[in-house]
Amino acid sequence: MSSATSTRQPLWLRCEKKEFERRAALTPTTAKKLIDAGFDITVERDSQRIFDDEEYEKVGCKLVDNNTWPSAPTEIPIIGLKELPVSTDPLPHTHIQFAHCYKNQAGWAAVLTRFARGGGTLYDLEFLQDERGRRVAAFGFHAGFAGAAAAALALADRKTNSTSGPLKGLKLEPYNNEHEMVADVKEKLSKVKNADGSPYKPKALVIGALGRCGRGAVELFRKIGLEEDDIFKWDLPETAKGGPFEEILQVDMFINCIYLSSSIPPFITLDTIRAAGPSRRLSVIADVSCDTTNPFNPIPVYNVMTTFDAPTVEVDVGEGNPPLSVIAIDHLPTLLPREASEQFSGDLLPSLYLIPEIKTARVWVEAEQLFKKKLADAVAYEAQEAK
């Protein structure tokens, strides 16, 4: 924090209202560092957060009741992770969060016009960038790691408990740590056998394998024992020819880890799935990128998000063809909430130190400029829709 700042900088950590979300934008570790740097941190009580309220209190945070940020003074920035519940209420505060409304996702304009009506500002965590244009903090690695784990669990469930139809018994629960997750996935996969009783050797294909998300998926597959030759790592060179890609149909698990910014040919389609017939090996798609409502979605074989208590949706594969499940959960890192939160919050910390200079520090100025552009687009869109 700047030594020229004479007053302490307030910051308010709100609760998360998204079901099953256990991560936190601020951890007790990063909250303590901010307090030591001259911040006053207010933390809403939150029973679903992986960190106990007392962990924040012990490092000097002020605890307040759950979901009381709407009555906080408007000069206090509100930080959270996932999007706010759907509402038409004006937003007068400064919000630091993932809003999922800058890429024309479903309901994007309605989210942004709440800020127009309230006079507030959105600093979207997805678009805080360093001097090279890279995100200052991202959950990418843990998203890929957890997405690959979820795919492996779905594959094990399919192979051991089901031959067709939805995976009705599969549910996902956050793990206390990575070791616990890896051990659980390995144990469940070990029960999958070939017809002769020998161990089944799954194959996986990761697109976006060179990015943070893709590296996480590859790392999970290594840790649960997939052979290196059975982990197919694709990135721009492999996808340059444009899809659909028959190779996806020849593995057990396909993990989509790309960052989608423009229209690209689909990786897989209903036509290619149905044309493969009974010979298709593919059983599970984990769409970690989760661009379900994006008009450029490269996996146009499903159209609904999934959840931790119902993690898969079945693809309409055509009569007589083997089943295919899609996982499309937009907060997969919460499967490892403590580790994912510590990594993300630690990466975000240098930018948080600059909040007292939020109107002049490059990382925040550029994020506000992008917000203003998107806000203008949303206001124009809403006006057009009203005609």
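The structure presented is a predicted model; accordingly, all values stated were derived computationally and were not measured. (Residues numbered from 1 in each chain as written. Predicted model: local features only at pLDDT ≥ 70, side-chain atom pairs only at ≥ 80, totals over all residues. Heavy atoms only, no water.)

Of the consecutive residues G243 and P244, the connecting peptide bond is found in the cis state with omega at 0 degrees. Along the chain, the position of P244 falls in the loop between α7 (236-239) and β9 (253-256). You will see that N67, though not glycine, has its phi angle at about 60 degrees, which is positive. Residue placement: N67 occurs in the loop between β3 (62-64) and β4 (78-79). Classification of N67 by relative accessible area gives partly exposed; the value is 35%. Although it is not a glycine, N104 adopts a positive phi angle of roughly 60 degrees. Looking at N104, the relative accessible area reads 45%, which means it is partly exposed. (Helix = DSSP H or I, 4+ residues; strand = E, 2+ residues; numbered from the N terminus. Buried < 20%, exposed > 50% of the residue type's maximum accessible area, 1.4 Å probe, protein only.)

Attention shifts here to the sheet that holds strand β10 (residues 284-287). Sheet strands pair via backbone hydrogen bonds, and the direction of the pair is either parallel or antiparallel. Strand order across the open sheet formed by six strands is β8-β7-β9-β10-β12-β11, with mixed pairing between neighbours. Each end of this open sheet is capped by a strand with a single partner; those strands are β8 (231-234) and β11 (312-314). Across this sheet, the average inter-strand angle for adjacent strands is 20 degrees, counted without regard to direction. In terms of strand pairing, strand β7 (residues 204-207) meets β8 through four bridges, oriented parallel. Counted as the bridge partner of I207 is W234 from β8. On top of the sheet, helix α4 (residues 140-161) reaches β9, β10, β11 and β12 (325-327); it is set at about 155 degrees to β9, its chief contact. (Pairing = 2+ DSSP bridges. Axes fitted to C-alpha atoms, helices over the stretch in contact; angles between N-to-C directions. Contact = heavy atoms within 4.5 Å.)

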